[in-house]
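# Residue-level structural notes
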Amino acid sequence: MAEETGRSFARRDRLLEIESEVQKWWSEGDVFRADSKDTPPKAGEKFFGNFPFPYMNGYLHLGHAFSLSKLEFSAAYHRLRGANVLLPFGFHCTGMPIKASADKLTREIAMFGNPPVFPDVKEQEEESGEGESEGNQSQPGGKFKGKKSKAVAKSGGVKYQWEIMQSYGLSDVEIAKFTDPYNWLTFFPPLAVEDLKAFGLGCDWRRTFITTDMNPYFDSFVRWQMRMLKEMGKIVKDLRYTIYSPLDGQPCADHDRASGEGVIPQEYILIKMEVVSPFPPKMSVLEGKKVYLAAATLRPETMYGQTNCWVLPDGKYGAFEINDTDVFILTKRAALNLAYQKLSRVPEKPTCLVELNGQDLIGLPLRSPLAFNDVIYTLPMLSVLTDKGTGIVTSVPSDSPDDYMALHDLRAKPAFRAKFGVKDEWVLPFEIIPIIHHPEFGDKSAETICIEKKIKSQNEREKLDEAKKIIYKGGFYEGTMIAGEFTGLKVQEAKSLIRNKLLELGQAVVYSEPEKKVMSRSGDECIVALTDQWYITYGEQEWKEAAEECLAGMNLYSDETRHGFEHTLSWLNQWACSRNFGLGTRIPWDEQFLVESLSDSTLYMAYYTVVHMLQGGEMYGGDRSSVKPELLTDEVWDFVFVGGPYPKSSEIPSSLLDKMKQEFEYWYPFDLRVSGKDLIQNHLTFCIYNHTAIMPKRHWPGGFRCNGHIMLNSEKMSKSTGNFRTLREAIEEFSADATRFSLADAGDGMDDANFVFETANAAILRLTKEISWMEEVIKAESSLRNTPPTTYADRVFANEINLASHVTEKNYSEYMFREALKTGFYDLQAARDEYRLSCGSAGMNRDLLWRFMDVQTRLVAPICPHYAEYVWKVLLKKDGYVIKAGWPKTDSPDLTLKRANKYLQDSIVSMRKLLQKQVSGSKKGKTSTPIAQNKPTVGLIFVNEQYDGWKKECLKILQNKFDPATATFAPDQEILSELQKSEIGQSGNFKQIQKLCMPFLRFKKAEVKDVGVHALDLKLPFGEIEVLTENLELITRQLVLERLEVLSITDANAVARAGDHASVLKSNPPSPGEPTAIFFS
């Protein structure tokens, strides 16, 4: 325990000892083994939950544990209530990260020796910008994304792969073995199993496996799945733009990326702005060729309004061969993208004829497509981005605030022109050309909005960004063309027509690049390539409709999750499913390719149902005693999973085939899949698509529960900053149950959660102190009150136990584990502490305390199972296992008794404050008098159990003017009118009556918002005098008085007892729920 006094770890170590012992009991009892029954399960009788198998290029960490804990707590709850629970767990090894890491180690050994001696290089962190589109202009919108990529946490801030492996505690001799990618597969998965067992995961470990062709059984399953999709026409080969790693020589999918997960290709068109000869001396080598400045644009409809072209004066450019005749001037980065899009004389290798900088290009005369000006010139712009687009930007000052202000600055500032050698004739003759009518800002929208927002310079970045967003959005959705052959058309309609015209005339080409920076796990910056690939046809209309139908029937537990899926379905399109680098299963009909890592992980939940019968509990598929993998033909898989005919020619025994089919039919569909929200945009949506294609409707997924990422102590989890814990480290530092406790407390929604070390340390203290308290209670059993529970305190405590059981069951069933921890542990312990205080000298009831220990142990068992199992078996001497003990059977909670006790406790608190105030007040001016002599010893509590008079009338009016359906009151004027018509309103001066009643009416309306409509009741649903009288001993003891009486304000004789204090009853009269106390000596 990190914060324990004197650095003692005794409490933490006690929990670790308990956990080790309990895990042995579970192993001996095989308690997590899950088998199907002979008859199909009824609703609620079985629970099959699963979790996206983690990638095995390192140890499991708290990020994995947080998402996994949601599944673990869910499964444990269902197991506790008596369901047949299946929680399996596999390990993902498909894809390029392991192979890339192994290759990195090989290169490091080749460069720096074995063990390597690295140069001393200062680490730098790089931040990527968010800017998009027109070279220096961003576009609104984007896909549904989590705040960070799941892959980011995997890479950390260490430069060399060898150093990453050293951070795992591996020796140099061991690290060298990891140059073989298959060593990763045999090293990390067994360690993950150890860690998950130490965590207490309720997994049927017979059903674990790894992916890739190292496991021939799973390999056969994936091949069957891919053949099914191809036969349905859902896998096709086609040329498509895709994110691509030149170093790896293949597409780079989300899970192949170190950063940029979720980024997709952004398509532009490149406007071919022809350089008018003669060329300047530095470009003389280009004479005889057609030379173009290639400007990337998303807005071809604006090309009619070109007045010039922009370049970055100190930007680095080059003249690159596109074919035998054409040369494009642009950045090297853009040329590399083009080279992989069949726009380079040498495929995949840009050829630069001459290197240039921006200053070399300033003043070049250009003939640009669609421009009304015959010749325009290249001018300097300081905000052009060279890491977006091509570094060449067309200028349309009529509709671009950036262009308008940059041109304005050049025209207005001769010194600025002189600085870059800009001649007047390149700038001054060029006027703004109206091309689009904007409904709000007219025909020169950029000029209008810059004047309106008082933008004075191209350097006012925030104002220009805001102006640009307004003009672009309004111009596109509501603008009308007023120039060119498409005059009169809406911009939305004209845009595609103009684009197609430019492409058909050869005046532009299609160009694509990553919408944001993407880094592969090989350390390569990715580009967009036009690749001949196998694609899964996600987004195809009929298939998309089936996916939407499936989604509509699923339980997603939050609107935000549902919106995320709906958004993903709206944009998701063909997905490249093949790779030629890495580990995995070969495409069955084209074995030069591998199935990529997000395409072999969409249907494997079905494989969990039969894996134990095929692999015999051996995760690598090495045990072939049950079934030889070559016997798993497509006909066998069809029979087991999709209702195909019995495979008569199969050599697999019919009994085993029937058992496999029974297992699948019993467990499917899965009830819950838990995942981080970042997988909505790929893996989870792919899972829906594949199930709807291959499985019948009755086997479509039941539910997904998505969560945010986890922070540690309110900061991002990061290896580079040291704010990071592997699962193993967390268990060693806090114990498994304290780790689980803090994970439950971290949060349940889609926002990022927070694992707090103080909470884990506090959990160590709470759990061990609770064990000690129970040991003391059991030891002192003979001193407890051993009679039936009859006192008021007994009834309240029993009711709190019932209430905790009911509310906690609701929280668990809705997968709100933080709330379950609160109601099933924190609140229940508070009720126990209050009971202990309330009992006084009479002592606590033995049966109630045993009942409390039983119920609390069950309620916390899903979250802290080792602690609960130890208490159940060792302290309470119960048979069986608490994790399967059944949900506590309790009576329905008495909510009236709950209110009565709250009334009692609130009354004691208010009376104590009043008494303290009276004692401290009596000391003023009498400092020589001892405090003890002034302390009251007698108390009178006056109660008015029912509203009467004008307050009764006001409440009746509010009752009549309250709409329970909307939980709202009628307008104040209507309530006031009703008050005026009432008996009290007619009894005198209404202004005075209004002054008397309105504060009370406002108070009661506000109270309804806080506590509900029962705030309008004329009396409480319990007898106040009865509650207070029954608890006189408790109140007297709590207030440290000698005598206390409860009196009714309606009894004239009782009121007379107030004597000199009668004025208190007039200034603060009691009302229902608000007794008035008077204290005196």
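Residues numbered from 1 in each chain as written. Predicted model: local features only at pLDDT ≥ 70, side-chain atom pairs only at ≥ 80, totals over all residues. Heavy atoms only, no water.

## Section: the overall build of the protein
If you tally the helices and strands in the protein, you get 38 helices and 32 strands. By its C-alpha atoms, the protein is 120 × 90 × 60 Å across when sized along the principal axes. Sorting the 1081 residues of the protein into buried and exposed places 55% on the buried side. Taking the intrachain contacts of the protein between residues at least 6 apart in sequence as the baseline, contacts between residues at least 24 apart amount to 77%. Summing over all exposed atoms, the protein offers an accessible surface of approximately 45,500 Å²; the carbon and sulfur share of this is 50%. Averaged over its 131 positive side-chain charges, the protein has a centre that lies 4 Å from the centre of its 147 negative ones. (Helix = DSSP H or I, 4+ residues; strand = E, 2+ residues; numbered from the N terminus. Buried < 20%, exposed > 50% of the residue type's maximum accessible area, 1.4 Å probe, protein only. Contact = heavy atoms within 4.5 Å. Areas by Shrake-Rupley, 256 points an atom, 1.4 Å probe, with all protein chains shown as cover. Lys, Arg positive; Asp, Glu negative; His and termini not counted. Charge placed at Lys NZ, Arg CZ, Asp CG, Glu CD.)

## Section: helix α11 (residues 401-412)
The first and last C-alpha atoms of α11 sit 16 Å apart over 12 residues, in line with the 16 Å expected at 1.5 Å per residue. The element α11 is extensively covered by neighbouring structure, given that 9 of its 12 residues are classed as buried. (Expected span 1.5 Å × (residues − 1).)

## Brief notes about the sheet that holds strand β19 (residues 527-536)
Read across the sheet, 4 strands follow the order β4-β3-β19-β20 without closing on themselves; strand pairing throughout is antiparallel. Two strands close off the open sheet at either side, each with one partner strand: β4 (250-251) and β20 (575-576). (Pairing = 2+ DSSP bridges.)

## So, the packing of aromatic side chains
A ring pair, where both rings are aromatic, is described by two values, the distance of the centres and the angle of the planes. Counting across every chain of the model gives 75 aromatic pairs. Relative to F188, the ring of Y168 lies with its centre 5.6 Å away and its plane at 80°, an arrangement referred to as edge-to-face. Within this pair, whereas Y168 is found in the loop between α5 (161-166) and α6 (172-176), its partner F188 is found in helix α7 (residues 181-199), the two being separated by 20 residues in sequence. Y168 gets classed as buried once you look at its relative accessible area, which sits at 15%. Positioned over the ring face of W589 is K230, at 5.3 Å from the centre of the ring. In this structure, K272 packs its charged tip against the face of Y292, placed 4.8 Å from the ring centre. (Phe/Tyr/Trp six-rings, centres within 6.5 Å; stacked < 30°, edge-to-face > 60°. Lys NZ or Arg CZ within 6 Å of the ring centre and 35° of its normal.)

## Details of the pattern of salt bridges
Scanning the model with the defined rule gives 63 salt bridges in all. D204 is paired through a salt bridge with R207; the nearest N and O atoms lie 3.0 Å apart. Each member of the pair D204 and R207 is classed as buried. Through salt bridges with shared partners, a single ionic network connects D30, R33, D35, D204, R206, R207, K659 and E663. (Salt bridge = Lys/Arg side-chain N within 4 Å of Asp/Glu carboxyl O.)

## Concerning the sheet that holds strand β24 (residues 704-707)
Read across the sheet, 4 strands follow the order β2-β1-β23-β24 without closing on themselves; strand pairing throughout is parallel. The open sheet terminates on both sides in strands that have one partner only, identified here as β2 (84-86) and β24. In this sheet, adjacent strand axes meet at a mean angle of 20° when their direction is disregarded. When strand β1 (residues 46-50) meets β2, the two strands line up parallel, connected through 3 bridges. Its bridge partner lying in β2, F47 is registered against V85. Against the sheet, helix α22 (residues 680-694) contacts β23 (672-676) and β24, and its axis sits at roughly 175° relative to β24. (Axes fitted to C-alpha atoms, helices over the stretch in contact; angles between N-to-C directions.)

## Things to note about the packing of helix α8 (residues 216-231) against α22
Packing of α8 against α22 leaves a shortest axis separation of 10 Å and a crossing angle of 70°. With respect to α22, the axis of α8 lies roughly perpendicular. Contact residues: α8 offers W224, Q225, M228 and L229, while α22 offers N690, A693 and I694. Here the residues of the contact of α8 with α22 are counted per class, giving 5 nonpolar, 2 polar and no charged. (Parallel < 35°, antiparallel > 145°, perpendicular 65-115°, else oblique. Nonpolar A, V, L, I, M, F, W, Y, C, P; charged D, E, K, R; others polar.)

## Brief notes about unusual backbone geometry
In this structure, P278 follows S277 across a cis peptide bond, with omega equal to 10°. The omega angle of the peptide bond from Y668 to P669 is 5°, so this bond is cis rather than trans. If you check the backbone angles, S714 has positive phi at about 70° while not being a glycine. Within the secondary structure layout, S714 lies in the loop between β25 (710-712) and β26 (715-716).

## Things to note about the side chain of T808
Relative to the helices and strands, T808 is located in helix α26 (residues 792-813). Exposure remark for T808: the relative accessible area of 0% places this residue in the buried category.

## Considerations on the layout of surface pockets
The volume enclosed by the second largest pocket comes to roughly 850 Å³. Taken together, 32 residues line the second largest pocket, and the ones lying closest to its centre are Y903, E1007, P1072, G1073 and E1074. Among the secondary structure elements, those contributing two or more residues to the lining of the second largest pocket are α30 (895-922), α34 (990-1011) and β32 (1076-1080). Per-element accounting of the lining of the second largest pocket gives the leading share, 8 residues, to α30. Partitioned by chemical class, the residues of the lining of the second largest pocket number 15 nonpolar, 7 polar and 10 charged. (1 Å grid on protein atoms, 1.4 Å probe; cavity = no way out; pocket = protein on both sides within 12 Å on 5 of 7 lines; lining within 4 Å. Points joined across faces, edges and corners; volume = space filled by probe spheres on them.)

## Focus on the pairing of β1
On a regular strand, one side chain projects to one face of the sheet and the next to the other, so that they alternate. Counting buried residues along β1, 5 of its 5 residues qualify, which places the element largely inside the surrounding structure. Going residue by residue along β1, you find K46, F48 and N50 tucked away on one face and F47 and G49 tucked away on the opposite face as well. You can see the chain leave β1, run along helix α2 (residues 62-80) and come back into β2, and the turn it takes is right-handed. In the sheet, β1 pairs with β23 via 2 bridges, with the strands oriented parallel. The partner of N50 across the bridge, within β23, is R673. (Right-handed = clockwise from strand over helix to strand, strands pointing away.)

## Considerations on a negative patch on the surface
The grouping of E542, E545, E548 and E566 at the surface amounts to a negative patch. Among the secondary structure elements, E566 is positioned in helix α17 (residues 559-571). Using a relative accessible area of 40% as the deciding quantity, one classes E566 as partly exposed. (Patch = residues over 30% accessible without salt bridge, like charges linked within 9 Å, V, L, I, M, F, W, Y side chains within 5 Å.)

## Focus on the side chain of D399
Note on placement: D399 falls in the loop between β14 (393-395) and α11. R299 provides the closest opposite charge to the buried, salt-bridge-free D399, at an N-O distance of 5.0 Å. Excluding anything up to four places from it in sequence, D399 contacts R299, I435, I436, S445, A446, I471 and Y472.

## Observations concerning the confidence of the model for the protein
Of all residues in the protein, 95% attain a pLDDT of 70 or more, and the chain-wide mean is 90. Here residues 1-6 scores under 50 on pLDDT; set against residues more than four positions off or in separate chains, the count is 15 contacts. In this model residues 122-158 is a low-confidence stretch, pLDDT under 50, and it forms 93 contacts with partners more than four residues away in sequence or in other chains. (pLDDT = per-residue confidence, 0-100.)

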